Amino acid sequence: LSGFRVDITDTNAPIDEGDQLTVDVDVTNNGGEADSETINLTNFDGTQVDADGTGTLDPDETTSLALTWNTDVGDAGTGQIAVNSPDDTATQSVTIEELTPPDFTVDIERAPAEVTAGDTVEVEANITNVGDQQGSQTITLNETGFDGGTVDSTANPVTLASGESATPNLTFPT
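On a predicted model such as this, the values are computed, not experimentally measured, just so you know. Each chain carries its own residue numbering, running from 1 in the written order of its sequence. The model is predicted, so local features are restricted to residues of pLDDT at least 70 and side-chain atom pairs to those at 80 or more, both for listing and for counting; the totals for chains, interfaces and linings are taken over all residues. As a rule here, side-chain values cover all heavy atoms of the structure and leave hydrogens and water aside.

K.L.:
Could you give an account of the environment of G3, naming the residues involved and the relevant values?
P.N.:
The topology assignment puts G3 in the segment before β1 (4–11). Only protein chains enter the accessibility calculation, which uses a 1.4 Å probe; a residue is then buried when its area is under 20% of its type maximum, exposed when over 50%, and partly exposed in between. Relative accessible area serves as the criterion here: at 19%, G3 is assigned to the buried category. With near-sequence residues (within four places) excluded, G3 lies in contact with T28, N29, N30, G31 and D87. Numbering of helices and strands starts at the N terminus; helices are DSSP runs of H or I of at least 4 residues and strands are runs of E of at least 2. The contact definition used throughout considers only heavy atoms, calling two residues in contact when any of these lie within 4.5 Å.

K.L.:
Report on the side chain of S85, specifying residues and quantitative values.
P.N.:
Mapped onto the secondary structure, S85 falls in the loop between β7 (77–84) and β8 (89–97). Contacts of S85, omitting those with residues within four sequence positions, involve F4, V6, T38 and I39.

K.L.:
How would you explain the nonpolar core if you had to name every residue and give the values?
P.N.:
Joining through side-chain atoms within 4.5 Å is the link that ties buried Ala, Val, Leu, Ile, Met, Phe, Trp, Tyr and Cys residues into a set, and such a set is a nonpolar core. Membership of the largest hydrophobic core comes to 19 residues, with the highest contact counts inside it found for V23, V27 and V83. When residues of this core are traced back to their parent elements, those giving at least two are β1, β3 (20–29), β4 (38–42), β6 (62–70), β7 and β8. Considering every element that reaches this core, the biggest residue donor is β3, with four residues. The residues contacting V27, other than those within four sequence positions of it, are F4, R5, V6, I39, T54, L57, E61, T62, T63 and L65. In this structure, V121, I139, L141 and F172 belong to the second largest nonpolar core, which totals eleven residues.

K.L.:
Report on the packing of aromatic side chains, specifying residues and quantitative values.
P.N.:
A pair of aromatic rings is counted whenever rings of Phe, Tyr or Trp (Trp by its six-membered ring) have centres within 6.5 Å, and the orientation is called stacked for planes under 30 degrees apart, edge-to-face for over 60 and tilted otherwise. Considering all chains together, one arrives at one aromatic pair under this definition. Look at F44 and W69: their rings are 5.2 Å apart centre to centre, the planes differ by 85 degrees, and that puts the pair in the edge-to-face class. Highlighted residues: F44 in the loop between β4 and β5 (48–53) and W69 in strand β6, separated in sequence by 25 residues. By relative accessible area, F44 is classed as partly exposed at 29%.

K.L.:
Go over the sheet that holds β3 with me, naming the residues and quoting the values.
P.N.:
In space, the three strands of this open sheet follow the order β1-β3-β6, with antiparallel pairing throughout. Across the chains shown, the open sheet's two edge strands, defined by having one partner strand only, are β1 and β6. Here the strands of the sheet are splayed against their neighbours by 30 degrees on average, with no regard to which way each runs. Strand pairing is defined by DSSP finding a minimum of two bridges between the two strands. Alignment of β1 against β3, held across seven bridges, turns out to be antiparallel. Paired with V6 across the two strands is V27, which belongs to β3. Axis geometry follows a simple rule: fit a line to the C-alpha atoms, using only the stretch in contact for helices, then measure angles between N-to-C directions, giving values from 0 to 180 degrees.

K.L.:
I'd like a rundown of the sheet that holds strand β2 (residues 15–16), residues and numbers included.
P.N.:
A sheet is described by the order of its strands in space; here five strands give the open sequence β2-β8-β7-β4-β5, paired in mixed fashion. Only two strands of the sheet have a single partner each, and these edge strands are β2 and β5. Examined bridge by bridge, β4 and β7 share three bridges and lie antiparallel to one another. Its bridge partner being in β7, L41 is matched across the sheet by V83.

K.L.:
Give a detailed account of the pattern of salt bridges, specifying residues and quantitative values.
P.N.:
By salt bridge we mean one thing: a side-chain nitrogen of Lys or Arg within 4 Å of a carboxyl oxygen of Asp or Glu. Scanning the entire structure with this criterion turns up three salt bridges. Between D7 and R5 there is a salt bridge whose closest N-O contact spans 2.9 Å. D7 gets classed as partly exposed once you look at its relative accessible area, which sits at 29%. Its relative accessible area of 35% is what places R5 among the partly exposed residues. For E124, the salt bridge goes to R110, with nearest N and O atoms at 3.6 Å.

K.L.:
Kindly report on unusual backbone geometry, identifying the contributing residues and their values.
P.N.:
Cis peptide bonds are those with omega within 30 degrees of zero, and the linkage from A13 to P14 qualifies with 5 degrees. Within the secondary structure layout, P14 lies in the loop between β1 and β2. In this model, D60 sits at a positive phi of 65 degrees, which is unusual for a non-glycine residue. Mapping D60 onto the fold places it in the loop between β5 and β6.

What follows is the structure, given as structure tokens:
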């Protein structure tokens, strides 16, 4: 008879939700005859997310496999993954970190200190997405010294990946 022992040797956890979790596994045939088995990886709720065959292993032979779980946004948390053969199960706690939503910061890079009535004011802003996810946002220039209304905005929303910046120029007549 064959008997396949599974050992989780490493993972790339922690990862961000939406990234791929890689689980390195050693599989050893502890039985007395050559055989092959399918090794399964299950996620936090016990759903099979990957499987791979060992190929034929002689008695006492070990092979290494890499199983993967392509996580989705919403899979964040800490839980038990399991790798199993028909004869053995190995578990390990892993963490999948939640992505923060898009978060745009605005810094005024250039604006005149004084304005003469009738001039057009040009303001250069540096917009940075400090969140983990891509996002889009319309950038507006609000007048605070007169009537407090919006005086200019980007014609199209600014779309930025995580860590990306843009420098739109906004203008308004005085």
